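What follows is the residue order along each chain.
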Amino acid sequence: GQLSLLSNKLRTLQKSKAGPFDICICAGPFFHQTTTDNNDNDAVVKQERQTIKDNAASDEKLLLDKSLTFDVPVLFVDAGNGLPTDLQAKIDNV
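Now for a look at the structure at hand. Since the model is a prediction, treat every value here as computed from it, not as a measurement.

Turning our attention to the overall build of the chain. Helix and strand counts for the chain stand at 3 helices and 2 strands. When the helices and strands of the chain are read in sequence order from the N terminus, they spell out α-β-α-β-α. With 94 residues in all, the chain has 22% of them scored as buried. Partitioning the intrachain contacts of the chain with sequence separation of at least 6 by distance along the chain shows that 80% fall at a separation of at least 24. Of the roughly 6700 Å² of accessible surface on the chain, 55% is carried by carbon and sulfur atoms.

The next thing to look at is the nonpolar core. Side chains that are nonpolar tend, in soluble globular proteins, to be buried together. Membership of the largest hydrophobic core is limited to 5 residues, which are Leu6, Leu10, Cys24, Cys26 and Val72. Put simply, the parts of the chain that give this core at least two residues each are α1 (3–15) and β1 (24–28).

How each quantity is defined
- Residues numbered from 1 in each chain as written.
- Predicted model: local features only at pLDDT ≥ 70, side-chain atom pairs only at ≥ 80, totals over all residues.
- Heavy atoms only, no water.
- Helix = DSSP H or I, 4+ residues; strand = E, 2+ residues; numbered from the N terminus.
- Buried < 20%, exposed > 50% of the residue type's maximum accessible area, 1.4 Å probe, protein only.
- Contact = heavy atoms within 4.5 Å.
- Areas by Shrake-Rupley, 256 points an atom, 1.4 Å probe, with all protein chains shown as cover.
- Core = buried A, V, L, I, M, F, W, Y, C linked by side-chain atoms within 4.5 Å.

Okay, structure coming up:
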């Protein structure tokens, strides 16, 4: 997921004519999971996958040190594998 992007978009929407909103619900496979597939030999796919991983790591750090905030409550209904186990462990220890 691109949590920083989501935070910025929600902030913009809250201040727009469309807002304010009481809650944001995100559905689908939202959180980045480290998986490999047959496309890993494609340089473009590798670069995209690395960019997603880098963004997720950056957002994880911002989330854990509480500098990434959301203007409305956000509910994640994840159709994928949920939070990565290392992130879940860090959240449990905060």
